[in-house]
Amino acid sequence: EAGVTQFPSHSVIEKGQTVTLRCDPISGHDNLYWYRRVMGKEIKFLLHFVKESKQDESGMPNNRFLAERTGGTYSTLKVQPAELEDSGVYFCASSQEHEQYFGPGTRLTVT
Amino acid sequence: LAKTTQPISMDSYEGQEVNITCSHNNIATNDYITWYQQFPSQGPRFIIQGYKTKVTNEVASLFIPADRKSSTLSLPRVSLSDTAVYYCLVAPSGYSSASKIIFGSGTRLSIRP
């Protein structure tokens, strides 16, 4: 069974540009989560989808971040415009019940 | 939100048993204790979860005292491949409680030959 995949694995962009991260959850998992770890900090929750609906987006830092999950399959996280403090690793996870399965993450560097 | 405290780092040798203790004094009645393992350039991986007493699976054991204010992850006979960061999390169980999960700094475990 394929695990959670994320694309790209690395992204380097300039401040002010736009970046879109993609997450493909494990097939059949209704729950999809986004987390991030910015430099030197802890992994923090961003938001949670149940199928295509946003169940909880209390962790989204500001309106420069937009997450979508059209059709309830893969999800995208867009950062527009990117700022220096957005640099870090963005993790996606999926679950059907309690256990969350994490992807390898996307390392975002904003210069 | 319950916060956890665990050692920043630990060292051990192959074949030894490693015990990592986590303190969670403010654990709530509906909180579960979950441990994750993370290797470099990978996402966290679920190891074990428990509510009270002892839980054992094919990878590890989790010991939780009656007051539930701490827990101990026990890794039997570690190998070099167990070198990783281990996170202790305390949160309500269930897919709707992700926002309540606090990863903390984790414990960096280094295993030597």
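Each remark here, short or long, concerns the structure printed above.
Parameters and conventions
- Along each chain, residue indices are assigned from 1 in the same order as the chain's sequence is written.
- A letter from A marks each chain and a number from 1 marks each ligand, given out in the order of writing.
- Reporting of local features is limited, given that this is a predicted model, to residues whose pLDDT is at least 70; pairs of side-chain atoms are given and counted only at 80 or more, and all residues count toward the totals for whole chains, interfaces and linings.
- Working from all heavy atoms in the structure, the side-chain values ignore hydrogens and water.
- Whether two strands pair depends on DSSP finding at least two bridges between them.
- In this text, helices come from DSSP runs of H or I with a minimum length of four residues, and strands from runs of E with a minimum of two, each type numbered from the N-terminal end.
- Between N-to-C directions, angles cover 0 to 180 degrees, with each direction set by a line fitted to C-alpha atoms, over the stretch in contact for helices.
- Relative accessibility decides the category of a residue: with a 1.4 Å probe and only protein chains considered, values under 20% of the type maximum give buried, values over 50% give exposed, and everything between is partly exposed.
- For this analysis, a ring pair means two rings from Phe, Tyr or Trp (six-membered ring only for Trp) whose centres lie within 6.5 Å, classed as stacked if their planes differ by under 30 degrees, edge-to-face if by over 60, and tilted for the remaining angles.
- In this analysis the charged atom, NZ for Lys or CZ for Arg, is taken to sit over a ring once it is within 6 Å of the ring centre and within 35 degrees of the ring normal.

### Concerning the sheet that holds strand E3 (residues 19–24) of chain A
Residue and element names in this part refer to chain A.
- Strand order in the open sheet formed by four strands is E1-E3-E8-E7, with antiparallel pairing between adjacent strands. Two strands bound the open sheet, and with one partner strand each, they are strand E1 (5–7) and strand E7 (65–68). Pairs of neighbouring strands in the sheet enclose a mean axial angle of 15 degrees, with direction left out of account.
- Summarising the sheet, E3 and strand E8 (residues 75–79) pair through five bridges and their orientation is antiparallel. Counterpart to Cys-23 in the pairing with E8 is Ser-75.

### Observations regarding the pairing of strand E7 (residues 70–75) of chain B
All names here are of chain B.
- Here E7 lies mainly inside the structure; five of its six residues are buried.
- Note: strand E2 (residues 18–23) against E7, six bridges, orientation antiparallel. Of the residues in E7, the one forming a bridge with Cys-22 is Ser-71.
- As paired strands, strand E6 (residues 61–64) and E7 are joined by three bridges and run antiparallel to one another. Within E7, the residue paired with Leu-62 across the bridge is Leu-73.
- A loop of five residues connects E6 with E7, the two strands running antiparallel in sequence, and Arg-68 in this loop sits at a positive phi of about 60 degrees.

### Focus: the packing of aromatic side chains
- In total, this model carries 11 aromatic pairs over all chains according to the counting rule given.
- Centre to centre, the rings of Tyr35(A) and Phe103(B) are 5.9 Å apart; their planes meet at 85 degrees, and the pair counts as edge-to-face. One end of the pair, Tyr35(A), is in strand E4 (residues 31–38); the other, Phe103(B), is in the loop between strand E8 (84–92) and strand E9 (107–112), on a second chain.
- In this structure Phe103(B) comes out as buried when scored by relative accessible area, which is 1%.
- Pairing Phe102(A) with Tyr36(B) gives two aromatic rings, centres 5.7 Å apart and planes at 85 degrees, and the pair type is edge-to-face. Of the two residues, Phe102(A) sits in strand E10 (residues 101–102) while Tyr36(B) sits in strand E3 (residues 31–38), which places them in two different chains. Each member of the pair, Phe102(A) as well as Tyr36(B), is classed as buried.
- Looking at Arg22(A), its charged tip hangs above the ring of Tyr74(A), at a distance of 3.7 Å from the centre.
- Positioned above the aromatic ring of Tyr51(B) is the side chain of Arg68(B), whose terminal nitrogen or guanidinium carbon lies 3.9 Å from the ring centre.

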